[in-house]
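The lines below spell out each chain.
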Amino acid sequence: MKVLVTGAAGYIGSHTCISLHEAGFDFVVFDNLCNSSQESLSRVEKIIGKKIEFVKGDIRDKKALDEVFSKYEIDSVIHFAGLKAVGESVTNPLEYYDNNINGTLVLLEVMKKHNCKKIVFSSSATVYGDPHTTPIKENFPVGATTNPYGRTKYFIEEILRDVYISDNDFKIVLLRYFNPVGAHESGTIGEDPNGIPNNLMPFIAQTAVGKREFLSVFGGDYETHDGTGVRDYIHVVDLAAGHVKALEKINSINEVLTVNLGTGNGYSVLDMIKAFENTSGKKVAYKIVDRRAGDIAKCFADPSYAKETLDWEATKGIEQMCSDTWNWQSNNPNGYKS
């Protein structure tokens, strides 16, 4: 029996492949490479010492997915595949609704056809919108999202809940990520966004390595300790481990299980810049510019439910997040293109 990992060539997916291998899971990779590189999978193969079964395809392509389920004995799915940039989603909402929501509908139809009823979904803390208080618990209100990307995650969560209501044999885990950063300790795989980064850490790293002149800090007038946005940054290796814990738990659940994956610590943009400078020994030039559409002031998790239900907790602190990011970026200044 195998795990189908959609979007596995991406940042979180590639790290999760390593965690799955280490935990003894067999898996098949499905990715259209629209915002990722097959080189990441080649490097994962070197890390795990094993050939990866990779199928290039789009989750909106029912025929391609059907062939994968027919060829392999797929027992469960970890669903990463989706567009994920907040700013881009505001500019191109239809593309996000088509790719993320329509793609998930096609995936679920094929899963149902092949009687595959276990799925771990890559959701996001953006479903909470702009929370009134922090830290954020799983029972906080959702749906008042501030951007189309977040709305696609919220809508997919609701679709999955409806699927469970229609068929209680489905086993569904919704993992609401906070802000993934860092890289594998080997420095051979990491975050490699196409074009201008949408996330903070790759922008910091690319500025430190000289690829960018300066970092744009979107907004310096938020109600935070230094005016810049506060987020819960979680090491991608910790995040990957959360998916393994979810798969190990999935057979025993009898409800849609919703879990925050975060550290419980909130750091501002300027906090992260300072930590990165201290770790790398590099100066990071930055300019504070206007706020970015769809952003909020504070967002960090209460991770206690993840510990209670999945026996999972983040183990890597801000120093390791920064040092692993710098190890990846300094060894791969042009990402996988190098």
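About the thresholds
- Residues numbered from 1 in each chain as written.
- Predicted model: local features only at pLDDT ≥ 70, side-chain atom pairs only at ≥ 80, totals over all residues.
- Heavy atoms only, no water.
- Helix = DSSP H or I, 4+ residues; strand = E, 2+ residues; numbered from the N terminus.
- Buried < 20%, exposed > 50% of the residue type's maximum accessible area, 1.4 Å probe, protein only.
- Contact = heavy atoms within 4.5 Å.
- Pairing = 2+ DSSP bridges.
- Axes fitted to C-alpha atoms, helices over the stretch in contact; angles between N-to-C directions.
- Parallel < 35°, antiparallel > 145°, perpendicular 65-115°, else oblique.
- Left-handed = near helix turned anticlockwise from the far one by under 90°.
- Nonpolar A, V, L, I, M, F, W, Y, C, P; charged D, E, K, R; others polar.
- 1 Å grid on protein atoms, 1.4 Å probe; cavity = no way out; pocket = protein on both sides within 12 Å on 5 of 7 lines; lining within 4 Å.
- Points joined across faces, edges and corners; volume = space filled by probe spheres on them.

Trainee: Run through unusual backbone geometry, naming residues and quoting values.
Mentor: Here the amide bond leading from Thr134 into Pro135 is cis, since omega sits at 0 degrees, within 30 degrees of zero. Position of Pro135 among the secondary structure elements: in the loop between strand E5 (118-124) and helix H6 (148-166). Phi is positive for Leu33, which is not a glycine, with a value near 60 degrees. Mapped onto the elements, Leu33 comes out in the loop between strand E2 (27-31) and helix H2 (38-48). Of the residues examined, Leu33 reaches a relative accessible area of 19% and is grouped as buried. Although it is not a glycine, Asp311 adopts a positive phi angle of roughly 55 degrees. With respect to the element layout, Asp311 can be found in the loop between helix H10 (304-310) and helix H11 (318-331).

Trainee: Can you explain the environment of Lys287? Please cite residues and give values.
Mentor: Considering the arrangement of structural elements, one finds Lys287 in strand E13 (residues 286-289). Assessed through its relative accessible area of 46%, Lys287 is described here as partly exposed. Dropping the residues within four chain positions of it, Lys287 is found in contact with Phe214, Leu215, Ser216 and Val217.

Trainee: So what about the sheet that holds strand E12 (residues 267-268)? Which residues, and what values?
Mentor: Taken together, three strands build an open sheet; the order of strands is E12-E9-E14 and the sheet is mixed. The sheet terminates laterally at E12 and strand E14 (298-299), the two strands that pair on one side only. Looking at chain direction, strand E9 (residues 230-231) and E14 are connected through two bridges and run parallel. Paired with Val230 across the bridge in E14 is Lys298.

Trainee: Which residues make up the packing of helix H7 (residues 200-208) against H11, and what values do they have?
Mentor: Contact geometry of H7 with H11 gives a least axis separation of 10 Å together with a crossing angle of 55 degrees. By the angle between their directions, the pair H7 and H11 is classed as oblique. Considering the relative orientation of H7 and H11, their crossing is right-handed. Residues Met201, Pro202, Ala205, Gln206 and Ala208 of H7 form the contact with H11, whose participating residues are Cys322, Thr325, Trp326 and Gln329. Residues that form the contact of H7 with H11 fall into these classes: six nonpolar, three polar and no charged.

Trainee: Kindly report on empty space enclosed by the protein, identifying the contributing residues and their values.
Mentor: Summed over all chains, the structure comprises two cavities of 30 Å³ or more. Size it by volume and the largest cavity reaches roughly 50 Å³. Around the largest cavity, the lining residues are Tyr11, Val181, Gly182, Glu191, Met201, Pro202, Thr325, Trp328 and Gln329. Elements supplying a minimum of two residues to the lining of the largest cavity: H7 and H11. Along the lines of polarity and charge, the residues of the lining of the largest cavity split into five nonpolar, three polar and one charged. Empty space within the second largest cavity amounts to approximately 30 Å³. If you trace the second largest cavity, you find it lined by Glu191, Asp192, Gln206, Lys211, Trp328, Gln329, Asn332, Pro333, Asn334 and Gly335. Taken together, the residues of the lining of the second largest cavity sort by class into two nonpolar, five polar and three charged.

Function cannot be read off these values alone, since they describe shape.
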